[in-house]
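Survey of secondary and tertiary structure
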Amino acid sequence: MTNDTSTPNSSPSESPSPSEARVNELTETLQRVQADFENYRKRSQNEMTVHYLRGKATAFKDILSFVDTLDSAIDKEKDATNKALEKIRANLLHVLAQNGIKPIQTIGKIFDPFTSECLMQGNDANQKEDMVLEELQRGYFFHDDVLRPAKVKVNKLPSGKENENNHDNQLNTQEGGN
């Protein structure tokens, strides 16, 4: 026969003893500290990943000037050296692609100021307004971020054509609205 009268579930109206209250308090504190440490660990891991990716991006951005030099040499050389340069370029682009570096496609697309930088303007009546006419320097993505914007030539129609188009649009809007 046991004379244990202090069971944890003996009565709902009884309050826990001071030692049980202290144990509960320390347990809650320990759980909070464990949760804080787990959050710190995750945050530190994320920061290390971000710093690692930024380091890779910086290194690859420096390598892109090498790709530009190869492209220029390939354009100028028209002999056996050309094939060797093209192989080197293809291998380099393959390595870059494996590491998340992809070229930005600009030719024949509407100018996007988030991925391209307009260095020149052209005037081609056969193309739409703001269409990229020429790529002066290729731009690249690093995963989903712009590593280096493309430098492009953008189509700008003469102001007379724009005014005619705007005037026609205004007339169409007024006719459709009445």
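Source: prediction; values computed, not measured.

1. Focus on the side chain of T106
Residue position: T106 is located in the loop between β1 (101–103) and β2 (116–122). For T106, a relative accessible area of 5% corresponds to the buried category. Beyond its immediate sequence surroundings of up to four residues, T106 is in contact with S116, V132, E135, A150 and V152.

2. Considering the sheet that holds β2
On the basis of which strands lie adjacent, the open sheet formed by 3 strands has the order β2-β6-β3 and mixed pairing. Strands with a single pairing partner mark the edges of an open sheet, and in this sheet they are β2 and β3 (132–137). Strand-to-strand twist across the sheet, computed as the mean angle between neighbouring axes with direction ignored, equals 30 degrees. As paired strands, β2 and strand β6 (residues 150–155) are joined by 6 bridges and run parallel to one another. Within the sheet, the bridge partner assigned to S116 lies in β6 and is A150.

3. A word on the environment of I101
In this fold, I101 is placed in strand β1. With a relative accessible area of 3%, I101 lands in the buried category. Separated by 41 residues in sequence, I101 and F142 place their C-alpha atoms 4.6 Å apart. Ignoring anything within four residues of it in the chain, the contact list for I101 reads F60, L64, L96, Y140, F141, F142 and L147.

4. Here's the deal with unusual backbone geometry
Most of the time, phi is negative for any residue but glycine, and the peptide bond is trans. Even without being a glycine, D130 presents a positive backbone phi close to 70 degrees. In the Ramachandran plot, H143 falls in the positive-phi region, its phi being about 60 degrees despite a non-glycine side chain. One can find H143 in the loop between β4 (140–142) and β5 (145–148).

5. Some details on the packing of helix α1 (residues 18–76) against helix α2 (residues 80–98)
One way to put it is that α1 packs onto α2 with a least axis distance of 10 Å and a crossing angle of 155 degrees. Judged by the inter-axis angle, α1 sits roughly antiparallel to α2. Classified by chirality, the crossing of α2 by α1 is left-handed. The residues of α2 that touch α1, namely those facing F60, I63, L64, F66, V67, L70, D71, A73 and I74, are N82, L85, E86, I88, R89, L92, L93 and L96. For the contact of α1 with α2, the residue count by class is 13 nonpolar, 1 polar and 3 charged.

Cut-offs applied
- Residues numbered from 1 in each chain as written.
- Predicted model: local features only at pLDDT ≥ 70, side-chain atom pairs only at ≥ 80, totals over all residues.
- Heavy atoms only, no water.
- Helix = DSSP H or I, 4+ residues; strand = E, 2+ residues; numbered from the N terminus.
- Buried < 20%, exposed > 50% of the residue type's maximum accessible area, 1.4 Å probe, protein only.
- Contact = heavy atoms within 4.5 Å.
- Pairing = 2+ DSSP bridges.
- Axes fitted to C-alpha atoms, helices over the stretch in contact; angles between N-to-C directions.
- Parallel < 35°, antiparallel > 145°, perpendicular 65-115°, else oblique.
- Left-handed = near helix turned anticlockwise from the far one by under 90°.
- Nonpolar A, V, L, I, M, F, W, Y, C, P; charged D, E, K, R; others polar.

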